[in-house]
Amino acid sequence: MKHRINHTFLLLLSLILFWNCSSDDDNPSQDNSPKNYFPLVVENQWQYNNKQTANNETQDTQETLSVANEEQTENGNVFLLDSDNNQTGVSFTSILSNGQVYKNEDQLLLTGSVDLGLDQTEIPDFDIDFENVVIYNNNAIDGDLMFSEDQNTTLPEFNNITLNLSLSIESVSLGNIEEIDVNGEIYEDVIGSQFIVSIGVDATTTVPPLPFPITVQVIEFQEVINSTNYFANEVGLVQSETNLNVNFSDELNQIPDFNLEDIMVLIEQELATFQVTLEE
């Protein structure tokens, strides 16, 4: 009886060990190698096909984005990017090239500014400054809020009008995407994110014959920039779609000769070719 029990125990143990080995073979270990969704080495470059649509007109351009310089700061190494195309408005490549880009572990961060390009005679143009915006985070999942900041500031007086600006900047992860088709090229291991800017603007001025100043909304608080971007491992930015929408308030009718036209611009960018060296 004892021998039968021992044989049965050994048979069960052998089956368990065999099943564990088979399971290991069927599930190979995951690739834990570091991901590099935006290689930052001086002279790296990416060529893009851009399409900008505004006022029912479309303009096609080409652009080269390159890593122009590396600088050492107290916070580590930062990189300056350069673009050879100044006609892409608030495209994401123009946002990248107007600031400093750097990495912190699994994050890509950006410090810089964005110009809304209002180009209205009744209101001054102004830059929106930001620091340490997280462009992507390798460990973030779809829907994660990676960065959020609110600002309130008073702009310089313009034609006896004081403008007060309320501002919100956010970046949101779109998680990992298995693959994406760009210009007929399939890029695997892709990460996505959104860069979002919302603003509200109030104007304070004196309108004769009223003896006291009045405050009206110029721009009701709204999302004005939404840039959706995709980065491929060991390649960089492969696709971007940026929407600029500014709707001016009807309250502006209270101010004489203050007529502003709404702005609606769509900028689509797709990677054509690239030449990159990975960091050592």
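Just so it is clear, the model here is predicted, and its values are computed rather than measured.

**Considering the overall build of the chain**
On a plain count of helices and strands, the chain comes out with two helices and 12 strands. What you see in the chain, going N to C, is helices and strands ordered as α-β-β-β-α-β-β-β-β-β-β-β-β-β. Here the chain holds 280 residues, and the buried ones make up 43% of them. Put simply, 59% of the contacts in the chain that link residues at least 6 apart link residues at least 24 apart. Surface accessibility of the chain: about 16000 Å² in total, with carbon and sulfur atoms responsible for 45%.

**Some words on the pattern of salt bridges**
Following the criterion strictly, the structure yields three salt bridges and no others. Residues Lys 35 and Asp 189 are paired through a salt bridge, measuring 2.9 Å at the closest nitrogen-oxygen approach. Highlighted residues: Lys 35 in the loop between helix H1 (2-26) and strand S1 (45-54) and Asp 189 in strand S9 (residues 185-206), separated in sequence by 154 residues. Judged by its relative accessible area of 32%, Lys 35 is partly exposed. Overall, Asp 189 belongs to the partly exposed group, its relative accessible area being 22%.

**Points about the packing of aromatic side chains**
Per the counting criterion, the structure on display carries six aromatic pairs. With a centroid separation of 4.9 Å and 10° between ring planes, the pair formed by Phe 38 and Trp 46 is classed as stacked. An aromatic cluster of at least three residues, connected via ring pairs, comprises Tyr 37, Phe 38, Trp 46, Tyr 136 and Phe 231.

**Let's talk about the sheet that holds strand S3 (residues 76-83)**
Taken together, 12 strands build an open sheet; the order of strands is S6-S5-S4-S3-S2-S1-S12-S11-S10-S9-S8-S7 and the sheet is antiparallel. The sheet terminates laterally at strand S6 (127-137) and strand S7 (145-154), the two strands that pair on one side only. Neighbour-to-neighbour, the strand axes of this sheet turn through a mean angle of 20°, independent of strand direction. Sheet topology places S7 next to strand S8 (residues 162-182); nine bridges connect them, and they run antiparallel. Looking at S8, one finds that Leu 145 is bridged to Val 172.

**Description of unusual backbone geometry**
One non-glycine residue, Asn 55, lies in positive phi territory at about 55°. Locating Asn 55 in the fold gives a position in the loop between S1 and strand S2 (57-73). One non-glycine residue, Asn 132, adopts positive backbone phi at about 55°. Mapped onto the fold, Asn 132 is located in strand S6. Using a relative accessible area of 36% as the deciding quantity, one classes Asn 132 as partly exposed.

**Some words on the environment of Thr 58**
Looking at the element boundaries, Thr 58 is found in strand S2. On a C-alpha basis, the gap between Thr 58 and Ile 267 in space is 9.6 Å, while along the polypeptide they are 209 residues apart. With sequence-adjacent residues up to four places away left out, Thr 58 is seen in contact with Lys 51, Gln 52 and Thr 53. Engagement of the side chain of Thr 58 in a polar contact is seen with the side chain of Thr 53, the distance being 3.4 Å.

**What about the confidence of the model for the chain?**
Per-residue pLDDT for the chain averages 85, and the proportion of residues at 70 or more is 84%. Contacts from residues 21-30, a stretch scored under 50 in pLDDT, to residues over four places away or in other chains number zero contacts.

**A closer look at the side chain of Thr 228**
Here Thr 228 lies in strand S10 (residues 213-232). Assessed through its relative accessible area of 18%, Thr 228 is described here as buried. Separated by 3.3 Å, the side chains of Thr 228 and Gln 194 make a polar contact. Excluding residues within four positions of it along the chain, Thr 228 makes contact with Leu 174, Ser 193, Gln 194, Gln 239, Ser 240 and Glu 241.

**A look at a negative patch on the surface**
A surface patch of like charges, here negative, comprises Glu 178, Glu 179, Asp 181, Glu 185 and Glu 188. Listed by contribution, the elements that provide at least two residues to the negative patch are S8 and S9. Residue contributions to the negative patch peak at three residues, all from S8. Following the sequence through the fold, Asp 181 ends up in strand S8.

About the criteria used
- Residues numbered from 1 in each chain as written.
- Predicted model: local features only at pLDDT ≥ 70, side-chain atom pairs only at ≥ 80, totals over all residues.
- Heavy atoms only, no water.
- Helix = DSSP H or I, 4+ residues; strand = E, 2+ residues; numbered from the N terminus.
- Buried < 20%, exposed > 50% of the residue type's maximum accessible area, 1.4 Å probe, protein only.
- Contact = heavy atoms within 4.5 Å.
- Areas by Shrake-Rupley, 256 points an atom, 1.4 Å probe, with all protein chains shown as cover.
- Salt bridge = Lys/Arg side-chain N within 4 Å of Asp/Glu carboxyl O.
- Phe/Tyr/Trp six-rings, centres within 6.5 Å; stacked < 30°, edge-to-face > 60°.
- Pairing = 2+ DSSP bridges.
- Axes fitted to C-alpha atoms, helices over the stretch in contact; angles between N-to-C directions.
- Polar contact = N/O pair within 3.5 Å; in protein donor to acceptor, adjacent residues only side chain to side chain.
- pLDDT = per-residue confidence, 0-100.
- Patch = residues over 30% accessible without salt bridge, like charges linked within 9 Å, V, L, I, M, F, W, Y side chains within 5 Å.
- Lys, Arg positive; Asp, Glu negative; His and termini not counted.
- Charge placed at Lys NZ, Arg CZ, Asp CG, Glu CD.

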